[in-house]
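Here's the letter readout for the chains.
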Amino acid sequence: MHKLSLSPMTVLPCSPLEQIDAAHKAGFDSVGLRLFPSLPSDVDVMADKSLQRDIKHRLEDTQLEVLDIEVVRVSPRMDLVPIDAALEFAGGLGARWLAATSESRQDYRTEDEPGLVGRLAELCETAERHGMGVMLEFMAFRGISTLQDAVRIVTATGSPNLAITIDALHLFRSGGTVDAVAAVDPALLACVQLCDAPQTAPADLIEEARQNRLYPGEGDLPLADLMRMLPADIPVSVEIPSRSRAHLSAHERATHAARSARPMIPAPSL
């Protein structure tokens, strides 16, 4: 049975505590937490011990799980020291995954892949010490840009706690298909991130991914077909940053996200 997780990008900007409350009220099973700030409005959780304690208590009160923490950029030069501290905190919360992506296409060099694979293996070892895995997300505008790229890197790394995130937007914007997903070993898949989009891609894929996603059912992506091809127990993260919904509260956005995602999820087999 699929469990539903609320991605921070759906409700940002807000505090992690607001996100947890919104997820709980909207009926989510879990949340993703942003522990590595990437926007000026992001809360620096790792710099605030009091907030860390509050997050732990709020999760206990709501009985929500933590699907993942986000997000690190994998490269041969990646510094594991600050990541280890975040993994220790997240492991204490029972988090399952650390979300990772690669560098931008401009900074990514194919000849550096052996170094990247080695560093990624070290990251997986670090995550394993805290009871977590690493899930690698491909994006059309990053060096690891396709599903095939991600499969190649994960296979080369050979870490048992490394798997792939299937973000619906990035899958189809990178030329991926439902059949391509079906051809991947299910053991290599960590989670699926749901959102929708028009069939025709905009000129600026980064802007679309970060600000202009649609709620499931509002666009043209074959989300129901995609879900039918995925393992029956794969976690579903709803990731829908939407500038057009920025005026809504975190609770309203979370509720809309959950209601739009659930019809795309197949009913459990009897």
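Residues numbered from 1 in each chain as written. Predicted model: local features only at pLDDT ≥ 70, side-chain atom pairs only at ≥ 80, totals over all residues. Heavy atoms only, no water.

If you trace the backbone, S30 turns up in strand β2 (residues 30–34). Residues contacting S30, with those up to four places away along its chain left out, are L4, S5, L6, L64, E65, V66 and L67. (Helix = DSSP H or I, 4+ residues; strand = E, 2+ residues; numbered from the N terminus. Contact = heavy atoms within 4.5 Å.)

Our next topic: the nonpolar core. One finds F28, I55, I69, L98 and L123 to be the most contacted residues of the largest nonpolar core, which totals 87 residues. Those residues in contact with I55 that sit more than four places away from it in its chain are P16, L17, I20, L33, V45, F89 and L93. Counting residues in each nonpolar core, the second largest holds eight residues, with L67, V71, A163 and C191 among its members. (Core = buried A, V, L, I, M, F, W, Y, C linked by side-chain atoms within 4.5 Å. Buried < 20%, exposed > 50% of the residue type's maximum accessible area, 1.4 Å probe, protein only.)

Now for the packing of helix α4 (residues 80–92) against helix α5 (residues 113–129). Two elements in contact, α4 and α5, have axes separated by 9 Å at closest approach and are oriented at 30°. Viewed along their axes, α4 and α5 adopt a mutual orientation that is roughly parallel. As for the relative orientation of α4 and α5, their crossing is right-handed in sense. Only R119, E122, L123, T126, A127 and R129 of α5 make contact with α4, whose side of the interface consists of L80, I83, D84 and L87. Along the lines of polarity and charge, the residues of the contact of α4 with α5 split into five nonpolar, one polar and four charged. (Axes fitted to C-alpha atoms, helices over the stretch in contact; angles between N-to-C directions. Parallel < 35°, antiparallel > 145°, perpendicular 65-115°, else oblique. Left-handed = near helix turned anticlockwise from the far one by under 90°. Nonpolar A, V, L, I, M, F, W, Y, C, P; charged D, E, K, R; others polar.)

With respect to the helices, strands and loops of the structure, Q106 is situated in the loop between β4 (97–102) and α5. For the pair Q106 and F141, spaced 35 residues apart in the sequence, the C-alpha separation amounts to 9.0 Å.

In this section: the state of the cysteines. For the coordinates displayed, the defined rule picks out zero disulfides. The closest cysteine sulfur to the non-disulfide-bonded C195 is located on C191, 12 Å from its own sulfur. Using a relative accessible area of 0% as the deciding quantity, one classes C195 as buried. (Disulfide = S-S within 2.5 Å.)

Turning next to the packing of helix α2 (residues 16–26) against helix α3 (residues 49–62). Between two packed helices, what matters for the description is the angle formed by their axes and the separation of those axes. Closest axis-to-axis distance for the α2/α3 pair is 10 Å, and the angle between their directions is 5°. Viewed along their axes, α2 and α3 adopt a mutual orientation that is roughly parallel. On α3, the residues that touch P16, L17, I20, D21 and H24 of α2 are L51, D54, I55, R58, L59 and T62. A breakdown of the residues in the contact of α2 with α3 according to their chemical character gives six nonpolar, two polar and three charged.

With that settled, the discussion passes to the pattern of salt bridges. Tallying each qualifying case throughout the model produces 17 salt bridges. Between R152 and D149 there is a salt bridge, with its nearest N and O atoms 3.0 Å apart. Taken together, the residues span about one helical turn, with R152 and D149 both in helix α6 (residues 147–157) at a distance of three residues. By relative accessible area, R152 is classed as partly exposed at 38%. The buried category is assigned to D149, whose relative accessible area is 15%. Among the salt bridges present, the one from E218 reaches R245, with a minimum N-O distance of 2.5 Å. (Salt bridge = Lys/Arg side-chain N within 4 Å of Asp/Glu carboxyl O.)

The next subject is unusual backbone geometry. Of note, the bond from L12 into P13 is cis; its omega dihedral lies within 30 degrees of zero at 0°. Relative to the helices and strands, P13 is located in the loop between α1 (8–11) and α2. Along the chain, E70 connects to V71 via a cis peptide bond; the corresponding omega equals -15°. Phi is positive for Q63, close to 65°, though the residue is something other than glycine. Following the sequence through the fold, Q63 ends up in the loop between α3 and β3 (65–74). On the basis of relative accessible area, Q63 is assigned to the exposed category, the value being 63%.

The subject of this paragraph is the sheet that holds strand β1 (residues 4–6). One closed barrel accounts for eight strands, arranged β1-β2-β3-β4-β5-β6-β7-β8; its pairing is parallel. Going across the sheet, the axis of each strand differs from the next one's by a mean of 30°, ignoring polarity. Sitting on the sheet, α4 is in contact with β3 and β4, with an inclination near 175° to β3. In the packing of α5 onto the sheet, the strands contacted are β3, β4, β5 (133–137) and β6 (162–167), and the crossing angle to β5 comes to about 140°. (Pairing = 2+ DSSP bridges.)

Functional significance is not addressed by these values, which are geometric in nature.
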